[in-house]
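Inside the fold
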Amino acid sequence: MACILQIALDTPLDSVFDYRWPCEPGSEPLVGQLALVPFGRREAVGVIVAIQASSAVPEDKLKDALAVRSQLAPLSPQWLALARFAADYYHRPLGEVAMPGLPKNLRLASTVALDRALKKLAKLADAHDPVPVDMPVLNPAQQQAADAIGGAQGFAPLLLYGVTGSGKTEVYLQACAQVLERDHDAQILIMVPEINLTPQLEANIRARFPGVMLATLHSGLSEGERMLHWLAAHQGRARIVLGTRLAILSSLPHLKLIVIDEEHDPSYKQQEGLRYSARDLAVWRARQLAIPIVLGSATPSLESWHHAQTGRYRRLELRERAVRDAVLPRVKLIDMERDKPKEGLTSNLIAALRSRLERGEQSLLFLNRRGYAPVICCEACGWISDCTRCSAHMVLHRPERRLRCHHCSLEMRIPHACPTCGNIDLQPLGRGTQRVEEALQALFPQARILRIDADSTRLKGSAQAAFDAVHRGDVDILIGTQMVAKGHDFKKLTLVGVLNPDTALFSQDYRASERLFAQLMQVAGRAGRAGLESEVLIQSRYCQHPLYGAVMRHDYDRFAGDLLEERHQAALPPFMYQALLRAEAPELATAIAFLESARDVLPTDAVVINDPIPMTMTRVHNVDRAQLLVESNSRPALQAFLTAWVDLLRAMKTRVRWSLEVDPLDI
C-alpha cells in the first residue's frame, strides 16, 4: 500500500513536497528520516516532516521517492519543532532551515560517505565515564555559581556575569560534571562565538573529562570530520558537544544543559541566508526541552542584562579574578592631543612596551583594522583608492603589494602613479595592523613580534599555531584585531595598548558604543590573568568621553544602566522589536521603488513602517542596496504583521532580490 511522504527540501519555495512511497508493513518510513527524491531535473535529499494516506496533488503529477535513509535514526520531534520555530520566527521556508543544519555529506545522493562514517563510529569504543579529573577548588562565588547551574531544574535561564579572568570556564566545567554525574545519558552543548576559541576550550574539556566522548561542530572542520562529529551527537554517544553558532541546529536527543560563552558576541548572529541568532534559538530550545541554559559574559548584551534586571533571567555574579592575587588591570588614557603619536604610537605607549621587553613580559596591541593602510591617496589631485564595485575604499596590503576590497574581494596591483594626474608620490592614509607591525619592527628590532588577523591566519591551523606561540612565550609583542580580544588566557601578558578606538564613538549604529565598551573590556581582560601587575593604555583624542570613564572603572553595571535608559527614551531594542527588509538591484532607484511598494502593500496601524533609505554601504559588488525598517513595541504584533506581509511580498512580481531579517544587529 502506498503512502504519501511530505518532505521539506532546501529550496526558497515555502512549502513541503508530496512523494509516493510503498509503505510495507513492518518497514514503514518514520517522520524525521531523510529521503532522496527527484526534484526538477536533479535529485535532492530532504527530511520527512509528515506521512499521509493521501495527497492533494493529482495522481498523475505525484512522483515516487527514490530512497529512505533507514540506516540513520530519525531526527527527533523536538529537533523538527526547533526547525519549525526558526522557520516561522525568521519567516523562511522549513527546508531552508532544516537542511543546511545538517552536514553536507548527509545531503548527498550517494550514501557512501554516510555508511563509511557510521562504520567508523561503530568501531569507536563507548566513552561514558563521566568522572572528572584534576578538579581545582573553586572560590566561594564560583562554587555558588557552579552549584546553581548544576542543580537547576526545568527551564532556568542563568546569566553568569563575571569579570574577565574570574574563572567562568571552570564554573562551566564543574557544572557540567554535576549534570553528567546525575544523568549518565545527558548531553551538554557548549557554544563559543568564534572558531579560534574552540581549541583552548576543547583541550580543557578533554583534560577534565578523559572518559567522555567530545564532538566539535564548526565550519573549520572538513566535511568528513563534521559528519562524524554530527553523527556522534545525533546517536547520543557524544556527551559534550562544543561548537560555534551552527551547533545550535545539531541533533542532540539527550540534551540536558546549554552553555553560551561570550553571549554578547555579535558572531552568534548569522549574517547571510537564514539570519538567525544562535543565542536566541538556544534560549528557545532550552525552554522547549525544560532544561537550564547559561549565558556567560563579562559584558552581557543589553537584551540579556535587561532580562536579568526584570527577573526573566537569574543573575549569577563573579566579581573577582579566580587566580589568587590577580587583580583587574589599571586602565589609563593617553591624550593624543598632548602626546602626539608617531607611526600611530604615542611616546607613553612606546615607553611601556620597552619596559615590558626589559622585564621579559608580553604586550598586546589591539587595532581592529587589518591591512597596511585603509586607503592610498594622491595629495596633488585628491584621488583615493576607491573600489570600482563597492561604496568602499580599497585597503593597501603592502607585503603582498596589492590593493584589496574587504567587501567584494576585488584585488589589483598598487598603481605606480596616480591614475588621474600621473603623480608618482602616492601616500598611505591611516594605519592597519601591517603598518603597526612595520613600525614596531623598526622601533624594537630585537623583539619577537607577531601579527594575528584574518590575513595572517588564512591557512587551516595557522591561527592555532600563532596562539600556541604566544602561550609558549615565543612572542614579545602581539598585534591583533578582534581575533585576539576575547577568550584567550595569555599568562605572561601584562600590557594592552589600544590604538584608534575613537571611530566607534561617531558611528551612526546605535549599538556601536555597546560594542566598543565590550571590545575594550574584553581586550583589557587579556592582561594580568596570572597575577602579574598589568595595565591597559588607551590612545584617544576624546579622553573625557563617559564610555572611557566606565572602562577605567571597570563599571559595566552603571554603563549598561545608562545605555538602557537611553534606549528606553529613544524607543530602541530591547524596548522595541524590529525587522529589516533589504533590497538589492543593479540600480538604487529600482531597490528603493520596490521597498516603497512593499511599504504600501499592507496598510496597518499595528506596526511602524519607516521610509526606505540606502544602506550605509550602498554598493557592494556592483549591486545597490537599500533597506526598510519595521518596528513595534509588541513582538506578537510584529510577528503577525510579518507573516501576512511576507506572503504579499512573495506574490509581488519583481527582479529585485530581497531578504527579511528579524531582530537585526546592523541597521
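Below you will find a few notes about this structure. (Residues numbered from 1 in each chain as written. Predicted model: local features only at pLDDT ≥ 70, side-chain atom pairs only at ≥ 80, totals over all residues. Heavy atoms only, no water.)

Moving on: the environment of Glu584. Mapping Glu584 onto the fold places it in strand E25 (residues 577-585). Residues Glu584 and Ser659, 75 residues apart in the sequence, show an inter-C-alpha distance of 8.9 Å. Apart from residues lying up to four places away in sequence, Glu584 is in contact with Val623, Asp624, Arg625, Val656 and Arg657. (Helix = DSSP H or I, 4+ residues; strand = E, 2+ residues; numbered from the N terminus. Contact = heavy atoms within 4.5 Å.)

On to the state of the cysteines, then. Taken as a whole, this structure holds one disulfide when the rule is applied. Across a sulfur-sulfur distance of 1.6 Å, Cys3 and Cys23 are joined as a disulfide pair. Here the residue Cys3 occupies a position in strand E1 (residues 2-8), and Cys23 occupies one in the loop between strand E2 (17-22) and strand E3 (34-39), the gap between them amounting to 20 residues. Overall, the relative accessible area of 8% leaves Cys3 in the buried class. According to the relative accessible area criterion, Cys23 is buried, its value standing at 14%. Summary of cysteine pairing: Cys378 is not part of a disulfide, and the nearest cysteine sulfur, belonging to Cys421, is at 3.6 Å. (Disulfide = S-S within 2.5 Å. Buried < 20%, exposed > 50% of the residue type's maximum accessible area, 1.4 Å probe, protein only.)

In the structure shown here, the tally under the stated rule is 44 salt bridges. Glu263 is the partner of Arg279 in a salt bridge, and the nearest nitrogen-oxygen pair spans 3.4 Å. One end of the pair, Arg279, is in helix H8 (residues 278-289); the other, Glu263, is in the loop between strand E11 (255-261) and H8, and 16 residues separate them in sequence. Exposure class is identical for Arg279 and Glu263. Each is buried. Across the salt bridge formed by Lys269 and Glu661, the nearest N and O atoms sit 2.8 Å from each other. Residue Lys269 is located in the loop between E11 and H8, and its partner Glu661 is located in strand E29 (residues 657-662); the two are separated by 392 residues in the primary sequence. Residue classification places Lys269 among the buried positions, given a relative accessible area of 4%. Since its relative accessible area comes to 1%, Glu661 is described here as buried. (Salt bridge = Lys/Arg side-chain N within 4 Å of Asp/Glu carboxyl O.)

Turning next to the sheet that holds strand E19 (residues 411-413). Pairing within the open sheet is antiparallel, and its three strands lie in the order E17-E18-E19. The open sheet has two free edges, formed respectively by strand E17 (395-397) and E19, since each of these has just one partner strand. On average, adjacent strands in this sheet sit at an angle of 30° to one another, irrespective of strand direction. Sheet topology note: the strand E18 (residues 402-404)/E19 ladder contains three bridges and is antiparallel. Bridged to Arg404 within E19 is Glu411. (Pairing = 2+ DSSP bridges. Axes fitted to C-alpha atoms, helices over the stretch in contact; angles between N-to-C directions.)

As a further point, take the side chain of Asn105. By secondary structure assignment, the location of Asn105 is in the loop between helix H2 (94-98) and helix H3 (112-123). The exposure class of Asn105 is buried, given its relative accessible area of 15%. Residues in contact with Asn105, not counting those within four places in the same chain, are Ala113, Glu223, Gly224 and Met227.

This part covers helix H6 (residues 198-208). Those residues of H6 lying buried are Thr198, Leu201, Glu202, Ile205 and Arg208. An end-on view of H6 places all buried positions within 135° of arc, on one side of the element. Where the residues of H6 are buried, they touch helix H5 (168-182), strand E8 (187-191), strand E9 (214-217) and strand E10 (240-243). (Arc of directions from axis to C-beta.)

With that out of the way, let us pick up the sheet that holds strand E21 (residues 449-452). Pairing is parallel across the open sheet formed by six strands, whose spatial order is E14-E24-E23-E15-E22-E21. Only two strands of the sheet have a single neighbouring strand rather than two, namely strand E14 (330-335) and E21. Along the sheet, successive strands turn relative to each other by an average axial angle of 20°, direction set aside. As paired strands, strand E15 (residues 362-366) and strand E22 (residues 477-480) are joined by four bridges and run parallel to one another. Its bridge partner being in E22, Ser363 is matched across the sheet by Ile477. The sheet strands contacting helix H12 (residues 462-472) are E15, E21 and E22, and the helix crosses E21 at an angle near 140°.

Time to look at the pairing of strand E4 (residues 42-52). Sheet topology note: the E1/E4 ladder contains five bridges and is antiparallel. Of the residues in E4, the one forming a bridge with Ala8 is Val47. Bridge count between E3 and E4: six bridges; the pairing is antiparallel. Note that in E4 the partner of Pro38 across the bridge is Glu43. Two successive antiparallel strands, E3 and E4, enclose a turn made up of two residues, where Gly40 displays a positive phi of approximately 65°.

In this section: the environment of Leu588. With respect to the helices and strands, Leu588 occurs in helix H16 (residues 588-600). Looking at Leu588, the relative accessible area reads 24%, which means it is partly exposed. For the pair formed by Leu588 and Val623, sequence separation is 35 residues and the distance between their alpha carbons is 8.2 Å. Beyond its immediate chain neighbours, meaning those up to four positions away, Leu588 contacts Pro614, Thr618, Asp624, Arg625 and Ala626.

Each pocket or cavity is described by its volume, and for the second largest pocket that value is around 1,000 Å³. Looking at the second largest pocket, it is lined by 38 residues, and the ones nearest its centre are Ile195, His218, Ser219, Gly220 and Thr244. Of all the secondary structure elements, the ones that give two or more residues to the lining of the second largest pocket are H2, H6, helix H7 (223-234) and H12. For the lining of the second largest pocket, the residue count by class is 13 nonpolar, 14 polar and eleven charged. (1 Å grid on protein atoms, 1.4 Å probe; cavity = no way out; pocket = protein on both sides within 12 Å on 5 of 7 lines; lining within 4 Å. Points joined across faces, edges and corners; volume = space filled by probe spheres on them. Nonpolar A, V, L, I, M, F, W, Y, C, P; charged D, E, K, R; others polar.)

Before going further, it helps to spend a moment on the pairing of E10. Judged by which residues are buried, E10 turns out to be covered on both faces: Ile240 and Leu242 on one side and Val241 and Gly243 on the other are all buried. Two elements, E8 and E10, share four bridges in a ladder whose sense is parallel. Each residue of the ladder has a partner; that of Met191, found in E10, is Gly243. Judged from the four bridges that link them, E9 and E10 form a sheet pairing that is parallel. In the sheet register, Ala215 faces E10, and the bridge partner there is Val241.

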